Each structure stands twice: as C-alpha cells, then as structure tokens.
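# Structural characterization, general
The residues making up each chain are set out below.
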Amino acid sequence: MRHKKTRLIAHAAMIAAIYVILTWLFAPFGFGEVQIRISEALTILPAFTPAAVPGLFIGCLIGNILSGAILPDIIFGSLATLIGAVLVYRMRNCNPLLLPIAPVLSNTVIVPLILYYGYGVHLPIPVLMISIAAGEIVSCGVLGMILYRALSRYQNILFRWDH
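Heads up: these notes are all about the structure in this document. Computed from a prediction, not measured in an experiment: that's the story for all the values here.

Conventions we followed
Residues numbered from 1 in each chain as written. Predicted model: local features only at pLDDT ≥ 70, side-chain atom pairs only at ≥ 80, totals over all residues. Heavy atoms only, no water. Helix = DSSP H or I, 4+ residues; strand = E, 2+ residues; numbered from the N terminus. Rg over C-alpha atoms; globule rule 2.2 N^0.38 Å. Buried < 20%, exposed > 50% of the residue type's maximum accessible area, 1.4 Å probe, protein only. Contact = heavy atoms within 4.5 Å. Areas by Shrake-Rupley, 256 points an atom, 1.4 Å probe, with all protein chains shown as cover. Lys, Arg positive; Asp, Glu negative; His and termini not counted. Charge placed at Lys NZ, Arg CZ, Asp CG, Glu CD. Phe/Tyr/Trp six-rings, centres within 6.5 Å; stacked < 30°, edge-to-face > 60°. Lys NZ or Arg CZ within 6 Å of the ring centre and 35° of its normal. Axes fitted to C-alpha atoms, helices over the stretch in contact; angles between N-to-C directions. Left-handed = near helix turned anticlockwise from the far one by under 90°. Disulfide = S-S within 2.5 Å. Core = buried A, V, L, I, M, F, W, Y, C linked by side-chain atoms within 4.5 Å.

### A look at the overall build of the protein
Across its full length, the protein holds seven helices and zero strands. When the helices and strands of the protein are listed from N to C terminus, the series reads α-α-α-α-α-α-α. Over its C-alpha trace the protein gives a radius of gyration of 15 Å, about what one expects of a compact globule, namely 15 Å for 163 residues. Taken along the three principal axes of its C-alpha coordinates, the protein extends 50 × 30 × 25 Å. Counting across all 163 residues of the protein, residues that qualify as buried make up 42%. Intrachain contacts of the protein at a sequence separation of at least 6 include 68% that bridge at least 24 residues. Counting every atom, the protein has about 8700 Å² of accessible surface; 73% of that belongs to carbon and sulfur. For the protein, the centre of its 10 positive side-chain charges and the centre of its 5 negative side-chain charges are spaced 20 Å apart.

Written out as structure tokens, the structure is:
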C-alpha cells in the first residue's frame, strides 16, 4: 500500500513537472485572448492514472505562477484545469473521443472571465469563449487525443501501479 502511494506521488510530481515545462516552453502561445496551451494536452492523462489529477492541478498552478499570471488567473485558471482533470478521470471508461470535452468546457467557461475581469481584455465574453474553446480544442482535442493514442498502447507498462 505504501509503495503504491509513493508511486502515485511520484507520477503526480512527474506530470506536474512536464506540465510546467510545456507551459514555460510554449508560453508565447499559452496566454492571452488567443491561446493554445500545449500543456493542456496532458489533461487526457487522468484517463490513465488518478495521479494525473493532482499533477495537472499543481503543474498548472506552478506554471501560472512562474509565467507571471495574476492571482485570479493562478487560482481560477488552475481550478479550471483541476475541474477538467477530475471530469476526465470520472469519464475514463467512456468513449475516448469524449474525454477532451471536459477540459475544453471548463476552460471555455472560466478563462474568458479571467481575461475579461482580471486582465481587462474588453472583447465580448462570447468572443473570448469562442477563442478559448478553439485553442482548447487544438490542445486537448487534437494534441490530447494524439497523446491518448500513443499512451494507450503502453498503458499497462506506464501506469500499471495506479489501478
């Protein structure tokens, strides 16, 4: 039991670290009115391991802090990723093509409000929602599903300790 818990913490830490690195490397694309946050492709990982839920939340939190985000973005942006991750975990036995819907929706609802009220981006909120949804569809829907297909072949090797 203790060994399993240690592995779960290690997996969460690795996922958090990868999220932070991807957020930092691709920061020019991951913030603003039009954003494709490459690290959001990782929100597919809760379909494989529960360790991804805290890993994604912590990774997003740290990534937002290190990128100079404002406090509402650090808090609520990270919560958007957490909500998406929890829902992907709960949907893990559904059709894999449905998995990206959760992070796309959570970010589409929350991030435009952060941009509008936190950063003072005065585009209409529906326009911001469309923009954020488009970026999330690319990162979660396209890149996330590519990642899902690649990892699903090796899930019994990579994630065997988590179930």
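The rest of the description comes next.
### Things to note about the packing of aromatic side chains
Summed over the entire model, instances satisfying the criterion amount to two aromatic pairs. When the centroid spacing of 4.9 Å and the interplanar angle of 80° are considered together, the rings of Y116 and Y117 count as edge-to-face. Among the residues examined, Y116 registers a relative accessible area of 25% and is labelled partly exposed. The residue whose ring lies beneath R37 is F31, and the NZ or CZ to ring-centre distance is 4.5 Å.

### Quick word on the environment of L8
Tracing the chain through its elements places L8 in helix 1 (residues 2–25). Classification of L8 by relative accessible area gives partly exposed; the value is 27%. Remark: the alpha-carbon pair of L8 and A51, spanning 43 residues in sequence, is separated by 5.4 Å.

### A few points about the packing of helix 1 against helix 3 (residues 52–66)
Between helix 1 and helix 3, the least distance of the axes is 7 Å, while the angle of their chain directions is 35°. Helix 1 and helix 3 meet at a crossing whose hand is right-handed. Two secondary-structure elements touch here, helix 1 through A12, I15, A16, Y19, V20 and T23 and helix 3 through A52, P54, G55, L56, I58, G59, C60, I62, G63 and L66.

### Digging into the state of the cysteines
A complete count under the given rule lists zero disulfides for this structure. Of the cysteine sulfurs around C60, a residue in no disulfide, the closest is that of C140, at 11 Å.

### Things to note about the nonpolar core
L45, F48, L56, L99 and Y148 are the most contacted members of the largest nonpolar core, which has 19 residues in total. When residues of this core are traced back to their parent elements, those giving at least two are helix 1, helix 3, helix 4 (71–90) and helix 6 (125–152). Looking at which element gives the most residues to this core, the answer is helix 3, with four residues. Once residues within four sequence positions are removed from consideration, L45 is found in contact with I15, A52, L147, L151 and F159. Listed in part, the five residues of the second largest apolar core include L115, V121, L128 and I132.

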